Amino acid sequence: MKQDASLNFDFIPYWTIPFRFFLTAPLFAMTAGVFLSVFGIQALWGMLSEGSDAVLWQSRWLVDVIYTLHLITLGTITMIMVGAFFQVASVVGGRLLPGGKAVAVLVHSFLILGATLFLIAMTSGVTWLFLLASFFLTTSLSVFSVCGLISIFRAQRYSPTLISMALSLVSLLIMMCAGAYLLLMHGYSEHLGFDRRWTDFHLVWALAGWVGLLIIGVSFQVIPMFHVTPSFNLSFQRILPVVVFLSIILVSFSSFFYKGELVAVIGKAVLLACYGFYGISVWRLLNKRKRKIEDITVQFWKLAVISLFVFVILQVMGESGLLGHWAEELSLLSGILLIYGVVLSVLVGMLQKIIPFLSYLHMQRFCQGDFERIKNLPHMRAILQVKHSRMFLRLHVVSLLLLLLMIMVPSVTIVSGLAVFIQFSLLLFIVSRVVAMVYKAEGV
Amino acid sequence: MSSISELMTHDHRRCDEIYANAEEAIGQGDFGGAANLWKEFCVQVEQHFTLEEQVLFPGFESATGMQGGPTMMMRGEHLQMREMLKSIASSIAQKEADDALGQCESLMIFIQQHNMKEEQVLYPMLDDALPQQEMELQINEVLAEKV
């Protein structure tokens, strides 16, 4: 932690840095939607031509499930989170990520290449593509994590948000190493074999660590800021990220070495309890918000918390053996609830605030203090129209419900894919419209 | 004894509450009530800015020698917010609800981001640099007038 006079409050990353990530993210989700629909069509074709039942969504281990999932987790979720991190780090820590635009371009382009090659490698099975995908993904994410950690270490003062963000980046590095190893095991299984234990290890560091800890840390700031609620309890802010991180260590190692034993169950229970308490805190704060006008982001948050509670209940039922015959369906439903219901709801919900605010902030800067020009700028409701946000929320709920239904009724897969495609086409339209607006304002 | 951080942060929250009431009145189409609440909000915000610009920032600048750093940036943001406050008042007077709410949304997030910088970085620096007791008296004096 440095105490110097060089802190510049006005440092915010150039607008194209976060927006390049936000603009690319919907494309991957749209591609995932197309793949889902294609799976649905293939299954339907099989049913019509061979009279067999739709054979889909029977296991989380199928290659189709893995690459469709990673189109969303790498191409959309990680893309949005990395873009937002560039922005948030400067606001919360008062420091930009080192390397400026060059690092952002490298991280962004390598993430696109890595996520695309991941898909091509998985669908084609060409071995060297797995290596190439691993290279681009690990380079992109390591450069990002290291730069992110440097910006946090240089921060003016530490806060629970910064600590949670740092732990999230450490989790990202661990999850990335396990993920790269899994990718190589897929490509070179004859040499490396395939140890499935690494999947759960990768998964817990990815979702509870990288994604969960970043959401927790950032929410400590943005929930009171965007929605004018009381702050999270300070002790809760200090303790939660650390306990979550320690629980992840316990869960990941105990599940690896002692799967099914008491220590693994205890670890999982502590982790679920942490996120359960966090969900309750978020819900309580949102109910205490002072602003009473309609807020789409609040509705996204509430959807995320409801999905989290259903996820926790399913996990408890799964652990207690109540859903023994439905183990595979349970893991797929849990995955959809967590990724689409919790994580994506929070991220796309926050984008409804971040996108118009960032664009407004930058357009204001282009006016260089000329108040007459500032007065003529579009306001936030003109930048991102409420009717678009409302429509996006409805499409998100429909997509989530259809995706959950798809696991139980595979013939719904075509429609689920279509719903995801339409939802993220609208996000692409929203972001593109705003980018065009800012680009035009900069040129004036 | 309360620190500068605690007192000023508390005042941010108080202003937020008046803002939320004004925004609600605009949303309900109660432009008369909204105009009154907005006026009250502007007065409270102006007092807060004045306290910072005339007491806290000059004290910090002379104690640390940092003239062109964070305090200058905060003064610049105060100027922008003052213009936004006026513009919203004019939209309320013209009964343009959507325009007023859109501008309110911009202002609110601008204020919150500004507050975050102050509460997390600048106020703790003020706590370190300025004599606590003397500042507490001065802040309480100004804030007491607001209640």
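Residues numbered from 1 in each chain as written. Chains lettered and ligands numbered in written order. Predicted model: local features only at pLDDT ≥ 70, side-chain atom pairs only at ≥ 80, totals over all residues. Heavy atoms only, no water.

### Some thoughts on the overall build of chain B
Let me state the cut-off plainly: Comment: elements are numbered from the N terminus, with helices defined as DSSP H or I runs of at least four residues and strands as E runs of at least two. Using C-alpha atoms as the atom set, the radius of gyration is obtained and then compared with a globule rule of 2.2 Å times the number of residues to the power 0.38. For every residue, the accessible area obtained with a 1.4 Å probe (protein chains only) is divided by the maximum for its type, and the residue is called buried under 20%, exposed over 50%, and partly exposed between those limits. Contact criterion: two residues are considered in contact whenever any of their non-hydrogen atoms come within 4.5 Å of each other. With residues, only the protein chains shown are counted as cover, and all accessible areas are computed by Shrake-Rupley using a 1.4 Å probe. His is not counted, nor are the chain ends; Lys and Arg add positive charge and Asp and Glu add negative charge. Each charge is placed at NZ for Lys, CZ for Arg, CG for Asp and CD for Glu.
Helix and strand counts for chain B come out as 5 helices and 0 strands. Mapped from its N terminus to its C terminus, chain B presents α and β elements in the order α-α-α-α-α. Whereas a compact globule of 147 residues would reach a radius of gyration of roughly 15 Å, chain B reaches 16 Å, a difference of no more than 12%. Projected onto its principal axes, the C-alpha positions of chain B cover 45 × 30 × 20 Å. Taking all 147 residues of chain B together, the buried fraction comes to 58%. Of the contacts formed within chain B by residues at least 6 apart in sequence, a portion of 78% connects residues at least 24 apart. Carbon and sulfur atoms form 52% of the exposed surface of chain B, whose accessible area is close to 6,000 Å². Between the averaged position of the 9 positive side-chain charges in chain B and that of its 26 negative side-chain charges there is a distance of 5 Å.

### Quick word on the overall build of chain A
Secondary structure assignment for chain A yields 15 helices and 0 strands. Relative to the globule expectation of 22 Å for 444 residues, the C-alpha radius of gyration of chain A, 22 Å, shows essentially globular dimensions. Overall, chain A is about 70 × 50 × 45 Å in size when its C-alpha atoms are taken along their principal axes. The 444 residues of chain A split such that 58% are buried. Sequence separation of 24 or more characterises 80% of the internal contacts of chain A that already satisfy a separation of 6 or more.

### Some remarks on the interface of chain A and chain B
Applied cut-off: Salt-bridge detection follows one rule: a side-chain nitrogen of Lys or Arg within 4 Å of a carboxyl oxygen of Asp or Glu. Residues adjacent in sequence count toward polar contacts only when both atoms are side-chain atoms; beyond that, a polar contact is any pair of N or O atoms within 3.5 Å, and within protein one must be able to donate a hydrogen and the other to accept it. Under the convention adopted here, Pro, Cys and the residues Ala, Val, Leu, Ile, Met, Phe, Trp and Tyr are nonpolar, Asp, Glu, Lys and Arg are charged, and Gly plus all remaining residues are polar.
Taken together, the contacts link 29 residues of chain A with 35 residues of chain B. Summed over the shared surface of chain A and chain B, the result is 5 salt bridges. Of the charged contacts, one joins B:E105 and A:K353 as a salt bridge, the two residues approaching to 2.7 Å between their closest N and O atoms. Between the two partners, chain A and chain B, sit 7 residue pairs in polar contact (both at pLDDT 80 or more). Among the elements of the structure, α2 (63-93), α7 (197-227), α11 (327-366), α12 (371-375) and α13 (380-383) of chain A are those that each provide at least two residues to the side of chain A that touches chain B. With 5 residues, α11(A) is the largest single contributor of residues to the side of chain A that touches chain B. Taken together, the residues of the side of chain A that touches chain B break down into 15 nonpolar, 6 polar and 8 charged.

### Examining the confidence of the model for chain A
Quick reminder of the rule: Each residue gets a pLDDT score, which is the predictor's confidence in that residue and runs from 0 to 100.
Here chain A averages 90 in pLDDT, and 95% of its residues register 70 or above. Across residues 1-9 of chain A, where pLDDT falls below 50, the model places 28 contacts with residues more than four positions away in sequence or in other chains.

### Brief notes about the nonpolar core
For the record, the criterion: Residues belong to a common nonpolar core when they are buried Ala, Val, Leu, Ile, Met, Phe, Trp, Tyr or Cys residues joined through side-chain atoms within 4.5 Å.
By size, the foremost hydrophobic cluster in this structure holds 186 residues, and its most contacted members are A:F22, A:F144, A:W210, A:Y278, B:W38 and B:F41. With 24 residues, α11(A) is the single largest residue contributor to this core. In this view, A:W210 contacts A:T78, A:M81, A:V82, A:F144, A:S168, A:L169, A:S171, A:L172, A:M175 and A:W205; residues no more than four positions away in its chain are not counted. B:M66, B:Y123, B:L126 and B:M135 belong to the second largest nonpolar core, which has 20 residues in total.

### Overview of the packing of aromatic side chains
Residue and element names in this part refer to chain A. Short version of the rule: To pair, rings of Phe, Tyr and Trp, with the six-membered ring standing in for Trp, must have centres within 6.5 Å; the planes then decide the type, stacked if under 30 degrees apart, edge-to-face if over 60, and tilted in the middle.
Here the structure, examined in full by the defined rule, presents 30 aromatic pairs over all chains. Between F232 and F236 the ring centres are 6.4 Å apart and the planes differ by 10°, which places this aromatic pair in the stacked class. Among the residues examined, F232 registers a relative accessible area of 4% and is labelled buried. Members of the aromatic cluster, joined through ring pairs, are Y181, W198, F201, W205, F245, F253, F256 and F257.

### Describing unusual backbone geometry
Here A:V228, not a glycine, exhibits a phi torsion of approximately 50°, which is positive. Mapped onto the elements of the fold, A:V228 is located in the loop between α7 and α8 (234-257). Note on A:V228: relative accessible area 2%, which makes it buried. One non-glycine residue, B:K95, lies in positive phi territory at about 55°.

### Here's the deal with the side chain of A:S399
The residue A:S399 is located in helix α14 (residues 386-408) in this model. Apart from residues lying up to four places away in sequence, A:S399 is in contact with A:Y340, A:A419, A:V420 and A:Q423.

### A few points about the packing of α8(A) against helix α9 (residues 262-287) of chain A
Residue and element names in this part refer to chain A. Filter applied, for reference: Structural elements are reduced to axes, namely lines fitted to C-alpha atoms, with helices fitted over the stretch in contact, and the angle between N-to-C directions of any two is expressed from 0 to 180 degrees. The scheme is simple: roughly parallel for angles under 35 degrees, roughly antiparallel for over 145, roughly perpendicular for 65 to 115, oblique for anything else. Crossing handedness follows the turn of the near helix against the far one: under a right angle anticlockwise gives a left-handed crossing, and clockwise gives a right-handed one.
For the pair α8 and α9, the least separation of the axes is 8 Å and the interaxial angle reads 150°. As judged from the angle between their axes, α8 and α9 are roughly antiparallel. α9 is crossed by α8, and the crossing has left-handed handedness. Side by side, α8 and α9 meet where F236, L240, V243, V244, S247, I248, L250, V251, S254 and S255 of the first sit next to V263, A264, G267, K268, V270, L271, C274, Y275, F277, Y278 and S281 of the second. In terms of residue class, the contact of α8 with α9 is made up of 15 nonpolar, 5 polar and 1 charged.

### What about the packing of α7(A) against α8(A)?
Residue and element names in this part refer to chain A. Here α7 crosses α8 at 175°, and the two axes come no closer than 9 Å. As the angle between them shows, α7 and α8 are arranged roughly antiparallel. On α8, the residues that touch R197, W198, F201, V204, W205, A208, G209, L213, I216 and F220 of α7 are Q237, L240, P241, V244, F245, I248, I249, V251, S252, F253 and F256. Split by residue class, the contact of α7 with α8 holds 17 nonpolar, 3 polar and 1 charged.

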